[in-house]
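One-letter residues, chain by chain:
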Amino acid sequence: MSVLANLSVGGLAVTLRRSERRSIGLKVTPAGLSVYAPRRVDEARLRQFIEERRNWAERHLAAMQRPAPPMLQDGFHLPYLGQTLTLRSVSGIRRAVRVADELHAPEGRLAAPTEAWYKSEALRVFPAIAEHYAAALGRGHPLAAVRLSNAASRWGSCTAAGVVRLHWRLSLAPLSVLHYVAAHEVAHLAELNHSPRYWAEVEKLMPEYRVPQRWLKVNGQALMDMWGAEGF
Ligand SMILES: [Zn+2]
């Protein structure tokens, strides 16, 4: 049986659950923060344990308590590399297709075909942009491949083997933001770190990179949360 108590640790509400366990554990759920502790650990030690993990806990709490992203529906405005497409729910089609400034998606299942359309656009558009920056970087740092990613929290990556990954949701961002992430990852072909020398490479590739970098900091989460999956 566990014994429950409520703690307030520097304004952070924590439910304390004591039991026969041996170690202290911290858990974040949408309902809040819980600390699991052995019966004999004193409260001061628990408070210290929570304080040391406050940043981590607050970050995860904020992520869990964000409202669920909206579901796609007819008339939804979809950003696409600085343009705006209006989503139309259309019967009798099997995949999403762009018609002028509209994106037509199969009625009744809008999200998956829309996502598939964005991914195919990303595959069409992204490699040439990365290759452009790789050419500007010079021959000593070859770009082996450009792939799409669907990571939860990063926009791109670059491996020592020269594989650059760019998140498909960058196709929801303004074109300059896609360029910035491509240049950022390609610059890692020369410097696999974030040293001043690395940032000098980025600046050579894209002198005005700070504007889209800032845009992504402010708006990136909104791109990740643009719409939710259907049917779950
Ligand atoms: Zn980086």
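Note that the structure is a prediction, hence the values are computed from the model and not measured. All residue numbers here refer to positions counted from 1 along the written sequence of the relevant chain. Totals for whole chains, interfaces and linings use all residues, but because this is a predicted model, local features are given only for residues with pLDDT of at least 70 and pairs of side-chain atoms are given and counted only at 80 or more.

### Describing the overall build of the chain
Secondary structure elements follow DSSP: runs of H or I no shorter than four residues count as helices, runs of E no shorter than two count as strands, and numbering proceeds from the N terminus. Secondary structure assignment for the chain yields six helices and eleven strands. The C-alpha radius of gyration computed for the chain amounts to 23 Å, which surpasses the reference 17 Å derived for 232 residues by more than 25%, pointing to a less compact arrangement than a globule. By principal-axis analysis of the C-alpha atoms, the chain measures approximately 65 × 55 × 30 Å. Exposed residues have 12 or fewer other C-beta atoms within 10 Å of their own C-beta, buried residues have 20 or more, and residues in between are partly exposed; the C-beta atoms are placed from the backbone. Burial status across the chain gives 24% buried among its 232 residues. This entry defines residue contacts through backbone-placed C-beta atoms, with two residues in contact when those atoms are within 7 Å. Across the chain, contacts joining residues at least 24 apart in sequence account for 43% of those joining residues at least 6 apart. Atoms counted for the radius of gyration: C-alpha only. Globule rule: 2.2 Å times the number of residues to the power 0.38.

### Looking at the nonpolar core
Think of a nonpolar core as buried Ala, Val, Leu, Ile, Met, Phe, Trp, Tyr and Cys residues, each tied to the set through C-beta atoms within 7 Å. Counting 36 residues, the largest nonpolar core has A130, V181, A182, A183 and V186 as the members making the most contacts within it. Every element with two or more residues in this core is listed here: strand 8 (102-106), helix 3 (111-137), strand 11 (163-167), helix 4 (175-187) and helix 5 (196-205). Of the residues forming this core, the biggest block, eight residues, is contributed by helix 4. Non-local contacts of V186, meaning those with residues more than four positions away in its chain, are made with A130, Y133, A134, L137, L143, V164 and L205.

### Some remarks on the domain arrangement of the chain
Residue ranges assigned to the domains are those given by an automatic or database domain assignment. Under the domain assignment, the chain is made up of domain 1 (3-65) and domain 2 (77-224). The straight-line distance from the C-alpha centre of domain 1 to that of domain 2 is 38 Å.

### Describing unusual backbone geometry
Notably, L81 is not glycine yet its phi reads approximately 45°, a positive angle. Note on placement: L81 falls in the loop between strand 5 (77-80) and strand 6 (83-90). Since 16 C-beta atoms lie within 10 Å of it, L81 is described here as partly exposed.

### As for the environment of Q213
Tracing the chain through its elements places Q213 in helix 6 (residues 210-224). By C-beta crowding, Q213 is classed as partly exposed, having 16 other C-beta atoms within 10 Å. Along the chain, Q213 and E51 lie 162 residues apart, while their C-alpha atoms are 31 Å from each other.

### With respect to helix 2 (residues 54-65)
For helix 2, spanning twelve residues, the distance from its first C-alpha to its last is 16 Å, which sits close to the expected 16 Å at 1.5 Å a residue. Counting buried positions along helix 2 yields one of twelve residues, so the element is predominantly exposed. Expected span of a helix: the number of residues minus one, times 1.5 Å.

### Things to note about the packing of helix 4 against helix 6
Contact geometry of helix 4 with helix 6 gives a least axis separation of 9 Å together with a crossing angle of 100°. Between helix 4 and helix 6, the angle is such that the two are roughly perpendicular. The segment helix 4 lies against helix 6, with S176, V177, H179 and Y180 engaging P212, Q213, W215 and L216. Amino acid classes used here: Ala, Val, Leu, Ile, Met, Phe, Trp, Tyr, Cys and Pro are nonpolar; Asp, Glu, Lys and Arg are charged; the rest, including Gly, are polar. Its residues placed into classes, the contact of helix 4 with helix 6 shows five nonpolar, three polar and no charged. Here an axis means a line fitted to C-alpha atoms, over the contact stretch when the element is a helix, while the angle between two N-to-C directions is reported on a 0 to 180 degree scale. Between 65 and 115 degrees an angle is taken as roughly perpendicular, under 35 as roughly parallel, over 145 as roughly antiparallel, and anywhere else as oblique.

### Overview of the sheet that holds strand 9 (residues 145-149)
On the basis of which strands lie adjacent, the open sheet formed by three strands has the order 9-11-10 and mixed pairing. The two strands at the open ends of the sheet, each matched to only one other strand, are strand 9 and strand 10 (156-158). Here the strands of the sheet are splayed against their neighbours by 15° on average, with no regard to which way each runs. Sheet topology places strand 10 next to strand 11; three bridges connect them, and they run antiparallel. Bridging from a neighbouring strand, S157 pairs with R165 of strand 11. Helix-sheet contacts for helix 3 involve strand 9 and strand 11, and the interaxial angle to strand 9 is about 145°. When DSSP finds two or more bridges between two strands, those strands count as paired.

### A few points about the pairing of strand 5
Note: strand 5 against strand 6, four bridges, orientation antiparallel. Each bridged residue has a counterpart across the sheet, and for P79 the counterpart in strand 6 is T84.

### A closer look at the pairing of strand 3 (residues 25-29)
Bridging between strand 3 and strand 4 (residues 32-38) involves five bridges; their strand directions are antiparallel. The residue bridging G25 from the neighbouring strand is Y36, located in strand 4. Here strand 3 folds back onto strand 4, and the loop between the two strands holds two residues.

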